[in-house]
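Structural characterization, general
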Amino acid sequence: MNLDAKLTILADAAKYDASCASSGGVRRDSSQGRGLGSNEGMGICHSYAPDGRCISLLKILLTNWCQYDCLYCVNRVSSNVPRARFTIDEVVRLTLDFYRRNCIEGLFLSSGIIRSPDYTMEQVVEVARRLREEHDFRGYIHLKTIPDASPDLLQRAGRYADRLSINIELPTESGLAALAPEKDGAAIKRSMARLRVHIDDAKGEAREAARAQVVSLPKARPARSPAKSFAAAGQSTQMIVGADATDDATILATSAQLYGAYRLKRVYYSAFSPIPDAAGALPLKAPPLVREHRLYQADWLMRFYGFAADEIAPPSGGGMLRLEVDPKLAWALAHPDRFPVDLNRAPRELLLRVPGLGVKAVERLLLARRVRRVRSEDLQRLHVPVRKVLPFVVVADHRPAAPPDAQGLIASARPAPRQAALF
């Protein structure tokens, strides 16, 4: 099989992995004439697949053959799909060639399990090692790690990669046991914990090295060697949404636990898409893309707005996010006693709960009200969506006449999203 045919198969096989964002990392470049590439905070360039998914231009699997038989995976051992496998040299050459042609800024590499987890992980790590050490590649590298691989291999992966990720796959142990019985949820979390320890240790060494540079050392004492980074852009994971009956409350609770326990940079949510030769246990319906979008919005509220998971999707309310409105507006409509909020007096924590006010808008409001009392006309100058905000706030020249009209607010929003159909 020639290289173009392999690339066609293995790039398409990687499209279901959503956890490929590339923020963060140690900045590197080749401006001094050494090395190849740069990592200026932009990471991997992206394109769009025919089904609308945002994918990386060089987002590939080492192989799409896998000895596991996870029911939701198109690359499972029982799947009837064309198979291919890159050699290490082919992946290295493709990465360098695509970079020189200005098509990519980095590499996202994953793989099916071949022979054993350790053997597969060795192949993946060797790609990154050759790029870094033999070709002085300074672009972005994201490696998908294998939970069952040895701790030594995970540690080596972090030396060369900007970001590491381990997919938790499904939000519950029971879901994983039903759809991927060969995978071990406890092993996944152990590997996440090891990565967190290595990342924290590397950050601690970097802080010590920075302090050592500030303090002048005696000449008799040798200078400290520079601290080595370890997955400086952190670790991430992915959960499949819609492959089983898990509700949104459980998904968000799992995400909150992962953020707290392992300090993940991101949890990605991937709407389950029907796959060839699907098992009868899987739903035969269009991917729940609207639900996926609402979960991302809810995730943002947990990470940046101070919301708890059980506030956004309370289990007592059915545990599902509303599809017709965003989670922040849904929370506000469910808590009319918390509004209206006085924009000139309310603390930052309460301002962040007002529909239409983002983090930057709140910071601008806090600065503006130091100078004078905020009026309704000021909101537009601060680039705030006035129609969405005014029903929930009090300003110097405005007070809502009545509690927010839920139906009116929903109707004035964008047209209700419709779930796509298979046919």
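In the block above lies the structure referred to throughout.
I will try to describe carefully the structure that is included in this document. (Residues numbered from 1 in each chain as written. Predicted model: local features only at pLDDT ≥ 70, side-chain atom pairs only at ≥ 80, totals over all residues. Heavy atoms only, no water.)

1. Some thoughts on the packing of helix α7 (residues 248-262) against helix α8 (residues 289-304)
Closest axis-to-axis distance for the α7/α8 pair is 11 Å, and the angle between their directions is 40°. Relative to α8, α7 is oriented oblique. The two elements α7 and α8 meet at a crossing, and its hand is right-handed. Between α7, through D248, I251, L252, S255, A256 and Y259, and α8, the contact on the second element is made entirely by R291, L295, A298, D299, M302 and R303. (Axes fitted to C-alpha atoms, helices over the stretch in contact; angles between N-to-C directions. Helix = DSSP H or I, 4+ residues; strand = E, 2+ residues; numbered from the N terminus. Parallel < 35°, antiparallel > 145°, perpendicular 65-115°, else oblique. Left-handed = near helix turned anticlockwise from the far one by under 90°. Contact = heavy atoms within 4.5 Å.)

2. Focus: the environment of K265
Inspection of the secondary structure assignment puts K265 in the loop between α7 and β8 (266-271). Through-space distance from the C-alpha of K265 to that of R303 is 9.8 Å; in sequence the pair is 38 residues apart. In contact with K265, other than residues within four places in its own chain, are R163, A233, G234, Q235, Y259 and R303.

3. Here's the deal with empty space enclosed by the protein
Evaluated as defined, the whole model comprises one cavity of 30 Å³ or more. Roughly 720 Å³ of internal volume is contained in the largest cavity. Lining the largest cavity are 38 residues; nearest its centre among them are D17, C73, N167, E169 and K183. Every element with two or more residues in the lining of the largest cavity is listed here: β4 (106-110), α3 (117-134), β7 (235-241) and β8. Looking at side-chain class alone, the lining of the largest cavity contains 21 nonpolar, 10 polar and seven charged residues. (1 Å grid on protein atoms, 1.4 Å probe; cavity = no way out; pocket = protein on both sides within 12 Å on 5 of 7 lines; lining within 4 Å. Points joined across faces, edges and corners; volume = space filled by probe spheres on them. Nonpolar A, V, L, I, M, F, W, Y, C, P; charged D, E, K, R; others polar.)

4. Some words on the pattern of salt bridges
All chains considered together, the criterion is met by 20 salt bridges. Among the ionic pairs, E90 bridges to K6, the shortest N-O distance being 3.1 Å. A residue pair is termed long-range when its members are at least 10 positions apart, and E90 in helix α2 (residues 88-100) and K6 in helix α1 (residues 3-13) qualify at 84 residues. Overall, E90 belongs to the buried group, its relative accessible area being 14%. By relative accessible area, K6 is classed as buried at 11%. Put simply, D248 and R291 hold a salt bridge, and the shortest N to O gap is 2.7 Å. You can see D248 sitting in helix α7 and its partner R291 sitting in helix α8, a full 43 residues away along the chain. (Salt bridge = Lys/Arg side-chain N within 4 Å of Asp/Glu carboxyl O. Buried < 20%, exposed > 50% of the residue type's maximum accessible area, 1.4 Å probe, protein only.)

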